[in-house]
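Here is how the chains run, residue by residue.
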Amino acid sequence: MKTIIIAALAALLALPAAAHEYNAGGIVVDHPMAFETPKTARVGGGYLTITNNGDKSDRLLAVSAEGFDEVSLHETTTDDMGVARMSHVEGINLPAGETVTLKPGGLHVMFMGLDGDPFEEGEKIPATLTFEKAGTLDVTFNVESRRGHNAGDMEHSSHEHEN
């Protein structure tokens, strides 16, 4: 019985760390993460969920992080022939009371300029999100293993890219 209680307590104490959540005004950013990349990758994708609990819309304008040639917002679209293309987006609308998910195969953050320094499981990438109304919010993207995640993630280095 004592073992069960200790295990349950340990699980409860781990919840805030697992939540990986950040707040700025009515904006809640949940679980910023990136997948590990191959050694040859030149870019990596970042993913997160943004909930606007405010009563006015907002907009994610930019993401910045030191040590990269460029960090920008992108969207992946697939045409009728099944060809996936990534293109830069100027911002991401965050309607009041709604959640927007940046995920593989859709909206995402592009970290460019890895050039021989791949994302490795367990690595932490400090970044700053800039919102039109909520201002700036410092977050950390945790690098996770691709194992056990949905195979819908794109290999960013092998698809057509538009600006």
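What you see is a predicted model, and the numbers here were worked out from it, not measured in a lab. (Residues numbered from 1 in each chain as written. Predicted model: local features only at pLDDT ≥ 70, side-chain atom pairs only at ≥ 80, totals over all residues. Heavy atoms only, no water.)

### Brief notes about the overall build of the protein
Note the cut-off: Only DSSP runs of H or I reaching four residues or more are called helices, and only runs of E reaching two or more are called strands; each is numbered from the N terminus. Contact definition: two residues touch when any of their heavy atoms are within 4.5 Å. Only the protein chains shown count as cover for residues, and the accessible areas themselves come from Shrake-Rupley with a 1.4 Å probe.
Scanning the protein from N- to C-terminus turns up 1 helix and 12 strands. When the helices and strands of the protein are placed in sequence order, the string is α-β-β-β-β-β-β-β-β-β-β-β-β. Pairs at least 24 apart in sequence give 67% of the contacts found in the protein among residues at least 6 apart. Roughly 9200 Å² of accessible area belongs to the protein as shown, and the carbon and sulfur atoms make up 52% of that amount.

### Some points on the environment of histidine 108
As a reminder, the rule being used: A 3.5 Å cut-off defines polar contacts: any pair of N or O atoms within that distance qualifies, except that in protein one atom must be a possible hydrogen donor and the other a possible acceptor, and neighbouring residues in sequence count only when both atoms are side-chain atoms.
Considering the arrangement of structural elements, one finds histidine 108 in strand β9 (residues 107-112). Distance in space between the C-alpha atoms of histidine 108 and leucine 73 is 6.0 Å, their sequence separation being 35 residues. A distance of 2.8 Å separates a polar atom in the side chain of histidine 108 from the backbone oxygen of glycine 106.

### Overview of the side chain of histidine 74
So the rule is basically this: Burial classes follow relative accessibility: with a 1.4 Å probe on protein chains only, a residue under 20% of its type's maximum area counts as buried, one over 50% as exposed, and anything between as partly exposed.
Position of histidine 74 among the secondary structure elements: in strand β5 (residues 70-78). Classification of histidine 74 by relative accessible area gives buried; the value is 0%. Within the structure, histidine 74 has its side chain in polar contact with the side chain of serine 72 (distance 3.3 Å).

### With respect to the environment of proline 126
With respect to the element layout, proline 126 can be found in strand β10 (residues 124-131). Accessibility expressed as a relative area gives 58% for proline 126, which makes it exposed. Along the sequence, proline 126 and alanine 65 sit 61 residues apart, while their C-alpha atoms lie 6.3 Å from each other. If sequence neighbours within four positions are ignored, proline 126 has contacts with Ala65, Val139 and Thr140.

### Brief notes about the confidence of the model for the protein
Inclusion rule: Each residue carries a pLDDT score, the predictor's confidence in it, ranging from 0 to 100.
Averaged over all residues, the pLDDT of the protein is 85; the fraction at 70 or higher stands at 79%. Low confidence marks residues 1-17, where pLDDT is under 50. Its contacts with residues over four positions away, or in another chain, come to 0 contacts. Residue range residues 151-163 is modelled with pLDDT below 50. Its contacts to residues more than four positions away, or to other chains, number 34 contacts.

### Overview of the nonpolar core
Quick reminder of the rule: We call a set of buried residues a nonpolar core when its members are Ala, Val, Leu, Ile, Met, Phe, Trp, Tyr or Cys and they connect through side-chain atoms within 4.5 Å of each other.
Counting 31 residues, the largest nonpolar core has Val29, Ile50, Leu60, Phe111 and Phe131 as the members making the most contacts within it. Not counting chain neighbours up to four residues away, the residues in contact with leucine 60 comprise Ile50, Leu73, Gly91, Ile92, Leu94, Leu129, Thr130 and Phe131.

### Some points on the environment of glycine 91
When you line up the elements, glycine 91 lands in the loop between β6 (84-88) and β7 (92-94). Judged by its relative accessible area of 15%, glycine 91 falls in the buried class. In this structure, the C-alpha to C-alpha distance between glycine 91 and arginine 59, residues 32 residues apart in sequence, is 6.4 Å. Discounting residues that sit within four places of it in the chain, glycine 91 has contacts with Arg59, Leu60 and Leu73.

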